[in-house]
Amino acid sequence: NLTYWHYDDYIGIGPGAHGRFVVQGQRRATDNHRAPDVWMRHVRDAGCGVRQSEILDSATAMREALMMGLRLNEGISLQDWQDKFGVPLTTFIPTAKLTRLVDENYVMLDDKFLRATSAGLQRLNAVLGYVVG
């Protein structure tokens, strides 16, 4: 499960599974048929049970990574973010919003990680809505 939370590549296999992975520099999202009989029929007839596959734009991928990473105790590694997306995390989150979240003790930012505080974790949906809204 840490692969999922770190927003690393994973492929969903089986009914209802989903995946996120990079192919030729593009992050792809897949979603499999949920009903086992429908999934199996598609596997048999088409070779895979994927219901939907789309290329994610970078803003969507970064929102997803932020949502997953802030749920981790260690938070989001600034270096991993830079390596994954090619831009600093602090350029994705508007400075004024990040400053306010730090000042109000919802997130902590140091030279290596951005992480939610205890208060931030309790209000994470609101924090995320504020950041990306």
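These figures come from a predicted structure and were not determined experimentally.

(A) Highlighting the nonpolar core. If you look at the biggest cluster of nonpolar residues, it comprises 24 residues, and the most contacted ones within it are Leu66, Trp81, Leu89 and Leu114. Mapped onto this core, the elements with two or more residues apiece are helix 3 (58–69), helix 4 (78–85), helix 6 (95–103), strand 6 (113–116) and helix 8 (124–132). Apart from residues no more than four positions distant in its own chain, tryptophan 81 is found in contact with Met62, Ala65, Leu66, Ile76, Gly86, Val87, Pro88, Leu89 and Phe92.

(B) Local environment of helix 6. Along helix 6, the residues classified as buried are Lys97, Leu98 and Leu101. The buried residues of helix 6 occupy an angular sector of 100° when projected down its axis, which confines them to one face. Opposite the buried face of helix 6, at more than 90 degrees from it, the exposed residues are Thr95, Ala96 and Asp103.

(C) Representation of the side chain of arginine 20 within the structure. Here arginine 20 lies in strand 1 (residues 18–23). Polar contacts involving the side chain of arginine 20 include one to the side chain of glutamate 64, which spans 2.9 Å. The contacts of arginine 20, once residues within four sequence positions are left out, are Tyr7, Asp8, Asp9, Tyr10, Arg27, Arg28, Ala29, Thr30, Leu56 and Glu64.

Basis of the calculations
- Residues numbered from 1 in each chain as written.
- Predicted model: local features only at pLDDT ≥ 70, side-chain atom pairs only at ≥ 80, totals over all residues.
- Heavy atoms only, no water.
- Core = buried A, V, L, I, M, F, W, Y, C linked by side-chain atoms within 4.5 Å.
- Buried < 20%, exposed > 50% of the residue type's maximum accessible area, 1.4 Å probe, protein only.
- Helix = DSSP H or I, 4+ residues; strand = E, 2+ residues; numbered from the N terminus.
- Contact = heavy atoms within 4.5 Å.
- Arc of directions from axis to C-beta.
- Polar contact = N/O pair within 3.5 Å; in protein donor to acceptor, adjacent residues only side chain to side chain.

The quantities given are spatial measurements derived from coordinates; they are silent on function.
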